[in-house]
Amino acid sequence: EDTLNVDFQILSILCGVNDVGFDLRMNKGADAEKFAFIYDRMLHEVKEKKPEAVLVLCEPFLCRLNRDEADYGTDIIDNWEIWDGRIKELAEVVRDLAGKYEAVLVPCRKLFADACRLAPASRWSVDGIHLTTAGNGLLAREWIRCVKGAGHVLV
């Protein structure tokens, strides 16, 4: 609703991790079905109001820190399979919606999985969710690569 009240040419969305975190930590999040329904409705409204808008959908992702890298809580490390499984489900929803709405997809899961094989996860994220300066730079470069690769001009 807030987005539709401002002028824009590109709408970029990265969401999903909080839905998983709120659900696992506070039992207040959204499962994949509810996430898909709400996300779909948001995108439908955007395309209805601004059909010329370019949509850029970023997959939700996590970085798998080791216990010795964690400066904050360790619930993601301790329950990695659960967290990663839920994020994977939501990433699939995002991929499906990108296809449905002809949006640019930024494949963040692979991006950060690959990055974590090249350098410790703590280089990219402080807690598995929130990015460091290096992580933000990596995401920004991938975002630009994907948007330009889809033929969109950035000014």
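Preceding this paragraph is the structure being described.
Each chain has its residues counted from 1, following the order in which its sequence is written. Local features in a predicted model are, by the rule used here, given only for residues with pLDDT of at least 70; side-chain atom pairs are given and counted only at 80 or more, and totals for whole chains, interfaces and linings are based on all residues. Side-chain metrics in this entry use all non-hydrogen atoms of the structure; hydrogen atoms and water are not considered.

A. Structural context of the overall build of the protein. Elements are defined by DSSP. Helices are runs of H or I of four residues or more, strands are runs of E of two residues or more, and each kind is numbered from the N terminus. Across its full length, the protein carries seven helices and three strands. Along the protein, from the amino end to the carboxyl end, the secondary structure elements read β-α-α-β-α-α-β-α-α-α. Our radius of gyration is a C-alpha quantity, and the globule rule it is checked against amounts to 2.2 Å times the number of residues to the power 0.38. Scaling as 2.2 N^0.38, a compact globule of 155 residues should have a C-alpha radius of gyration of about 15 Å, and the protein matches this with 16 Å. Here the C-alpha coordinates of the protein stretch approximately 45 × 35 × 25 Å along the principal axes. We call a residue buried when its accessible area falls under 20% of the maximum for its residue type, exposed when it is over 50%, and partly exposed in between, using a 1.4 Å probe and counting protein chains only. Counting every position in the protein, which comprises 155 residues, the buried fraction comes to 41%. Sequence separation of 24 or more characterises 72% of the internal contacts of the protein that already satisfy a separation of 6 or more. To measure how exposed things are, a 1.4 Å probe is used in the Shrake-Rupley method; for residues, cover is taken only from the protein chains shown. Counting only carbon and sulfur atoms, one obtains 51% of the accessible surface of the protein, whose full area is about 9,100 Å². Any two residues having at least one pair of non-hydrogen atoms within 4.5 Å are treated as being in contact.

B. Quick peek at the nonpolar core. The definition of a nonpolar core used throughout is a set of buried Ala, Val, Leu, Ile, Met, Phe, Trp, Tyr and Cys residues joined through side-chain atoms within 4.5 Å. With 26 residues, the main nonpolar core has Phe35, Tyr39, Leu43, Leu55, Leu57, Leu62 and Leu97 as its most contacted residues. Mapped onto this core, the elements with two or more residues apiece are β1 (10-14), α1 (17-26), α2 (32-49), β2 (54-58) and α4 (80-100). Sorting elements by how many residues they give to this core places α4 first, with eight residues. Ignoring any residue separated from it by four or fewer positions in sequence, one finds Leu62 in contact with Val17, Ile76, Trp80, Trp83, Asp84, Ile87, Gly128 and Ile129. Core analysis: the second largest hydrophobic core is formed by 22 residues, Cys58, Leu131, Cys146 and Val147 among them.

C. Region of the structure containing the pattern of salt bridges. Salt bridges are counted wherever a side-chain nitrogen of Lys or Arg sits within 4 Å of a carboxyl oxygen of Asp or Glu. All told, the structure shown has 13 salt bridges when counted by the stated rule. In this structure, Arg109 engages Asp84 in a salt bridge whose closest nitrogen and oxygen atoms are separated by 3.1 Å. Taken together, the residues Arg109 in helix α5 (residues 108-118) and Asp84 in helix α4 connect sequence positions 25 residues apart. Looking at Arg109, the relative accessible area reads 22%, which means it is partly exposed. A salt bridge links Glu89 to Arg86; the nearest nitrogen and oxygen atoms lie 4.0 Å apart. With a gap of three residues between them, Glu89 and Arg86 both fall in helix α4, about one helical turn apart. Here Arg86 falls in the buried class, since its relative accessible area comes to 16%.

D. Up close: unusual backbone geometry. At Asn27, a position not held by glycine, the phi torsion is positive, near 55°. Looking at where Asn27 falls in the secondary structure, it is placed in the loop between α1 and α2.

E. The sheet that holds β1, seen in detail. Here, strands pair whenever DSSP counts at least two bridges between them. Here we have three strands laid out as an open sheet, ordered β1-β2-β3, and parallel in their pairing. In the strand order of this sheet, the two ends are held by β1 and β3 (104-106), each with one partner. Adjacent strand axes in the sheet meet at a mean angle of 20°, parallel and antiparallel pairs treated alike. Pairing between β1 and β2: five bridges, direction parallel. In the sheet register, Ile13 faces β2, and the bridge partner there is Leu57. Strands β1, β2 and β3 of the sheet are contacted by helix α7 (residues 133-149), whose axis makes an angle of about 155° with β3. Axis lines are fitted to C-alpha atoms, over the contacting stretch for helices. Their N-to-C directions set the angle, which ranges from 0 to 180 degrees.

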